[in-house]
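# Notes for the structure review
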Amino acid sequence: MKVADSTSARFGQRGRAIHAPTAPPARVPKAARGIGLVLGLIGATSILLAAMYAVLWVRPQIETLNAETAQTDQKIMAIVNQPITHLPRSGPVAEFSPGWFHPGATKPDFNTVDIRATQEFPYEGHVTSDVTPSEMFVGSELEFNAMTKYFYTDRNLPKKRLSDSEMTKIDGLYRVLGRDEQAMTMQWLTLAGLSVLTILGIALLFEARRKQRLSAG
């Protein structure tokens, strides 16, 4: 009896070991499908929001700024490049060479510059240049300004001397350009951020697809 009892006890232990509960295998695929769905929704939403914001807000803002900048440039150039008096060359004249101006131009700091402080009068009497050998110009009507040279459209001609009111107007137009440049920078930074958001959304969509394949397998 003792031997039988011992054997029966051992068989009982083995039976309990065989019927021990195990984790249901279906939970992992269900979790993967759930995660994949969430990632897909987040990714699609990110792409949609980035596209809508770029099309409905950022792009129109950039187009508006470009148009305003172009109009402001035209206004400045119209003042800086006003017509001057042309005379046939006769008698002694001071000749500037080579050309009227050195190559290049410094871009003004549109937010701070005062072009009245940089106005120069290097011309006296009648003057000409090797690029206008048959003409001469009245020096007292002319000026040079390093902070308007950026907008000289025809460097084969000297530039008209500007009045205080004209220079004040240009300074005001420069401030418009300064604001537009800062606003444009912010818009491009916004576009860069939207591009990152789009890339993140695409990555999440790929990850969601991978999760779906994992759950299907």
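Every residue gets a number counted from 1 within its own chain, in the order that chain's sequence is written. For a predicted model such as this one, the threshold for reporting local features is a pLDDT of at least 70, and the threshold for listing and counting side-chain atom pairs is 80 or more; totals across whole chains, interfaces and linings nevertheless cover every residue. Hydrogens are left out, water is left out, and the side-chain values use all remaining heavy atoms of the structure.

### Quick notes on the overall build of the protein chain
- On a plain count of helices and strands, the protein chain comes out with three helices and seven strands.
- Put simply, the protein chain runs from its N terminus to its C terminus through helices and strands in the order α-α-β-β-β-β-β-β-β-α.
- Each residue gets one of three labels from its accessible area relative to the maximum for its type: buried under 20%, exposed over 50%, partly exposed in between, using a 1.4 Å probe on protein chains only. In the protein chain, buried positions account for 29% of the 217 residues.
- Contacts were defined at the residue level, with two residues in contact if any of their heavy atoms lie within 4.5 Å. A fraction of 82% describes how many contacts in the protein chain between residues 6 or more apart in sequence connect residues 24 or more apart.
- Surface accessibility of the protein chain: about 13,900 Å² in total, with carbon and sulfur atoms responsible for 63%. Segments assigned H or I by DSSP are reported as helices when at least four residues long, segments assigned E as strands when at least two residues long, and all are numbered from the N terminus. Using a 1.4 Å probe, the Shrake-Rupley method yields the accessible areas, and only the shown protein chains count as cover for residues.

### A look at the nonpolar core
- In this description, a nonpolar core means a group of buried Ala, Val, Leu, Ile, Met, Phe, Trp, Tyr and Cys residues linked to one another through side-chain atoms lying within 4.5 Å. By size, the foremost hydrophobic cluster in this structure holds 23 residues, and its most contacted members are I76, I115, Y123, I170 and Y174.
- At five residues, the largest contribution of residues to this core is made by helix 3 (residues 164-216).
- With near-sequence residues (within four places) excluded, Y123 lies in contact with F96, W100, F101, G139, L142, E143 and F144.

### Some thoughts on the sheet that holds strand 3 (residues 119-120)
- Taken in spatial order, the three strands line up as 3-6-7 in an open sheet, and their pairing is antiparallel. In this open sheet, the two edge strands, each paired with only one partner strand, are strand 3 and strand 7 (159-160).
- Taken together, the two bridges between strand 3 and strand 6 (residues 142-145) define a ladder with antiparallel strand orientation. Bridge pairing in strand 6 links E120 to F144. Paired strands, in this sense, are two strands between which DSSP finds at least two bridges.

### A few points about the sheet that holds strand 1 (residues 87-88)
- Spatial strand order, 1-5-4-2: four strands in an open sheet with mixed pairing. Strand pairing shows two members of the sheet lacking a second neighbour, strand 1 and strand 2 (94-96), which therefore form its edges.
- Here strand 1 pairs with strand 5 (residues 135-138) via two bridges, running antiparallel. Across the sheet, residue L87 finds its bridge partner in strand 5, namely M136.

### Re the environment of P103
- With respect to the helices, strands and loops of the structure, P103 is situated in the loop between strand 2 and strand 3.
- A residue is classified by how much of its surface remains accessible, and P103, at 79% relative accessible area, is exposed.
- Through-space distance from the C-alpha of P103 to that of R155 is 9.3 Å; in sequence the pair is 52 residues apart.
- Not counting the four nearest positions on each side in its chain, P103 is found in contact with K149 and R155.

### Overview of the confidence of the model for the protein chain
- When pLDDT is averaged along the protein chain, the result is 81, and 65% of the positions lie at 70 or above.
- The pLDDT score gives, residue by residue, the confidence of the prediction method on a 0 to 100 scale. Low pLDDT (under 50) marks residues 6-15, which in the prediction has zero contacts with non-local residues, meaning those over four places away or in another chain.

### Some thoughts on the packing of aromatic side chains
- A pair of Phe, Tyr and Trp rings is counted when the ring centres sit within 6.5 Å of each other, with Trp represented by its six-membered ring. The angle between the planes then sorts it: under 30 degrees is stacked, over 60 is edge-to-face, the rest tilted. Applying the stated criterion across every chain yields a total of twelve aromatic pairs.
- Aromatic pair W100 and F137: ring centres 5.7 Å apart, planes at 75°, arrangement edge-to-face. You can see W100 sitting in the loop between strand 2 and strand 3 and its partner F137 sitting in strand 5, a full 37 residues away along the chain. For the pair formed by W100 and F137, the shared burial category is buried.
- Both a distance and an angle decide whether a charge sits over a ring: NZ of Lys or CZ of Arg must be within 6 Å of the ring centre and within 35 degrees of the ring normal. Looking at K159, its charged tip hangs above the ring of Y152, at a distance of 5.3 Å from the centre.

### Side note on the environment of Q74
- Along the chain, Q74 falls in helix 2 (residues 27-80).
- Residues Q74 and F151, spaced 77 residues apart in sequence, show a C-alpha to C-alpha distance of 9.2 Å.

### Describing the side chain of T148
- Tracing the chain through its elements places T148 in the loop between strand 6 and strand 7.
- When its relative accessible area of 0% is taken as the criterion, T148 is described as buried.
- Setting aside residues no more than four positions away along its own chain, T148 makes contact with V80, I115, E143 and Y174.

### Comments concerning the pairing of strand 6
- Along strand 6, one buried face is formed by L142 and F144 and the opposite face, lined by E143 and N145, is buried too.
- Sheet analysis places strand 6 next to strand 7, joined by two bridges and oriented antiparallel. If you follow E143 over to strand 7, its bridge partner there is K159.

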